[in-house]
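# Residue-level structural notes
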Protein chains: 2
Amino acid sequence: MTNLYFEELEIGSRSTAGPYLLGKDEIIRFAKQYDPIPRHIDEEAAAKSVFGGLTASGSNTFAVYILLSSQLQPHYQVLMGLGWEELKLTNPVRPGDALDLEMTILELRASKSKPEWGIVRNKNLLRNQKRETVLECISTIFVARRPGADAPSAS
Amino acid sequence: MTNLYFEELEIGSRSTAGPYLLGKDEIIRFAKQYDPIPRHIDEEAAAKSVFGGLTASGSNTFAVYILLSSQLQPHYQVLMGLGWEELKLTNPVRPGDALDLEMTILELRASKSKPEWGIVRNKNLLRNQKRETVLECISTIFVARRPGADAPSAS
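Residues numbered from 1 in each chain as written. Chains lettered and ligands numbered in written order. Predicted model: local features only at pLDDT ≥ 70, side-chain atom pairs only at ≥ 80, totals over all residues. Heavy atoms only, no water.

### Some words on the pairing of strand E6 (residues 117-127) of chain B
Residue and element names in this part refer to chain B. Heads up, the condition is: Residue exposure (1.4 Å probe, protein chains only): buried if accessible area is under 20% of the type maximum, exposed if over 50%, otherwise partly exposed. The helix count covers DSSP runs of H or I at least four residues long, the strand count covers runs of E at least two residues long, and both are numbered beginning at the N terminus. By the convention used here, strands pair only if DSSP detects at least 2 bridges between them.
Across the 11 residues that make up E6, a large majority, nine, are buried. One ladder, built from 10 bridges, connects strand E5 (residues 97-110) with E6; its direction is antiparallel. From the neighbouring strand, Asp-100 faces E6, where its bridge partner is Arg-127. What sits between the antiparallel neighbours E5 and E6 is a turn of six residues. Summarising the sheet, E6 and strand E7 (residues 133-144) pair through 11 bridges and their orientation is antiparallel. Its bridge partner lying in E7, Ile-119 is registered against Phe-142. A loop of five residues connects E6 with E7, the two strands running antiparallel in sequence, and Arg-131 in this loop sits at a positive phi of about 65°.

Written out as structure tokens, the structure is:
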């Protein structure tokens, strides 16, 4: 597996990871610890909720997104995440869903303060087996520049 | 405990929750499942990393933020989360950190499509025992209107 440096990335390039199968036991166990509300932990209560059945906590879905981020192919020389914009949970995640991640590069720019780092802005889509998007966001990450690469004159 | 309806909320009002003590065992267990990189799971590797020691996965920090959201006082009649903007992990979270949440209302508006719902935009700060912010974001949630309340004329 080769990790791509900043110089090897292009706007529009895609990386993918998954699928990750999210089972009922994991949904309930996660929610009991971090989001103990009836529609995430109690099947009977969940059946009566607006979603008509058990759904994963949003932070469980976010954790799966972060896990899949670490498995993206092709992979980048990621140094650190800077943050996320426009994070939305657009559809419920249900037991047995198989989730996959697609990340597309939106923007590339050199860091002015850290010449050995590049800044990469990405659109992320986490989708289920029906191709419905369950989580979307824009992430910004630092990616290492190739050692010895010239800094671009425009930065 | 009373849950506040949309009509009872004011811009600038604050709710708080915590502290939540995040221990080393939890950091390692969470990261082994959802973010298995050395600086979150291996103390020796972490000591050599840029943070100089074990740090929590960002999704573990996010999960603690969601958990504390459910414990905020005063509490609102929250129907659903709509999403997050400008989510940033501004400082590392370390074993033994005691995290508390402060949420401040930025904006209140009636839903045009759902007259029984109000839309509330909030600034969220998750801080450690040294009062450093470790996670910040803007959240948007739906809050129930008081049953029988008149819809405001301006919506």
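So much for the structure itself; the text now carries on.
### Some points on the packing of helix H1 (residues 24-34) of chain A against helix H1 (residues 24-34) of chain B
Put simply, the test is: Under this scheme, a helix contributes an axis fitted over its contacting stretch, all axes are lines through C-alpha atoms, and angles between N-to-C directions fall in the 0 to 180 degree range. Comment on the angle field: the value is read as roughly parallel under 35 degrees, roughly antiparallel over 145, roughly perpendicular from 65 to 115, and oblique elsewhere. Crossing chirality is assigned from the near helix's rotation relative to the far helix, an anticlockwise turn below a right angle marking it left-handed and a clockwise turn marking it right-handed. Here a residue-residue contact requires only that any non-hydrogen atoms of the pair lie within 4.5 Å. Classes in brief: Ala, Val, Leu, Ile, Met, Phe, Trp, Tyr, Cys and Pro nonpolar; Asp, Glu, Lys and Arg charged; the others, Gly included, polar.
Where H1 of chain A contacts H1 of chain B, the two axes come as close as 14 Å, and the packing angle between them is 150°. It follows that H1 of chain A is roughly antiparallel to H1 of chain B by the angle criterion. Crossing geometry of H1 of chain A relative to H1 of chain B is assigned as left-handed. Contacts between H1 of chain A and H1 of chain B pair Glu-26, Arg-29, Phe-30, Gln-33 and Tyr-34 of chain A from the former with Glu-26, Arg-29, Phe-30, Gln-33 and Tyr-34 of chain B from the latter. Residue composition of the contact of H1 of chain A with H1 of chain B, by class: four nonpolar, two polar and four charged.

### Some remarks on the interface of chain A and chain B
The following threshold applies: In short, buried area is how much 1.4 Å probe accessible area vanishes from two parts on joining, totalled over both. When a carboxyl oxygen of Asp or Glu lies within 4 Å of a side-chain nitrogen of Lys or Arg, that pair is called a salt bridge. In protein, a polar contact requires one atom able to donate a hydrogen and another able to accept it; more generally it is a pair of N or O atoms within 3.5 Å, and residues adjacent in sequence count only if both atoms are side-chain atoms.
Listed by partner, the interface residues are 25 residues for chain A and 25 residues for chain B. Summing both partners gives a buried area of about 2,100 Å² for chain A against chain B, and 64% of it is carried by carbon and sulfur. Scanning the region where chain A abuts chain B turns up zero salt bridges. Counting across the chain A and chain B interface gives six residue pairs in polar contact (both at pLDDT 80 or more). Sorting the residues of the side of chain A that touches chain B by element identifies H1, helix H4 (58-69) and strand E4 (78-88) of chain A as the ones contributing at least two each. Element by element, the count of residues in the side of chain A that touches chain B is highest for E4 of chain A, at eight residues. For the side of chain A that touches chain B, the class distribution of residues is 14 nonpolar, four polar and seven charged. Looking at chain direction, E4 of chain A and strand E4 (residues 78-88) of chain B are connected through two bridges and run antiparallel. Its bridge partner being in E4 of chain B, Leu-87 of chain A is matched across the sheet by Trp-84 of chain B.

### Some details on the side chain of His-75 of chain A
Turning to its location among the elements, His-75 of chain A is positioned in strand E3 (residues 75-76). At 2.9 Å, the side chain of His-75 of chain A and the backbone oxygen of Leu-72 of chain A are in polar contact.

### Some remarks on the relation of the copies chain A and chain B
Rules: Superposing copies: least-squares fit, C-alpha atoms only, residues required to have pLDDT of at least 70 in both.
Once chain A has been moved 0.0 Å along the axis and rotated by 180°, it coincides with chain B to within an RMSD of 0.0 Å. Look at the turn and shift together and you get a two-fold axis relating the two. Relative to the rotation axis, the C-alpha of Glu-85 of chain A is the closest in chain A, positioned 2.5 Å from it. Both copies contact each other with a shared surface, as 100% of the interface residues of chain A are interface residues in chain B too.

### Focus: the UniProt feature "domain: MaoC-like" (unreviewed entry) in chain A
Stated precisely, the cut-off is as follows: UniProt positions are given in the numbering used here, feature names are shortened, and annotations may be inferred rather than shown by experiment.
Mapped onto the present numbering, the UniProt feature "domain: MaoC-like" (unreviewed entry) falls on residues 22-114 of chain A. Helix makes up 34% of residues 22-114 of chain A and strand 30%, whereas the separation of the span's terminal C-alpha atoms amounts to 39 Å.

### Examining unusual backbone geometry
With an omega of 5°, the peptide bond running from Gly-18 of chain A to Pro-19 of chain A counts as cis. With respect to the element layout, Pro-19 of chain A can be found in strand E2 (residues 14-22). The linkage connecting Gln-73 of chain B with the following residue, Pro-74 of chain B, adopts the cis geometry, with an omega of -10°. Relative to the helices and strands, Pro-74 of chain B resides in the loop between helix H4 (58-69) and strand E3 (75-76). Phi angles above zero are rare outside glycine, and Arg-131 of chain A is one such case at about 65°. Judged by relative accessible area, Arg-131 of chain A falls into the partly exposed class, the value being 44%.

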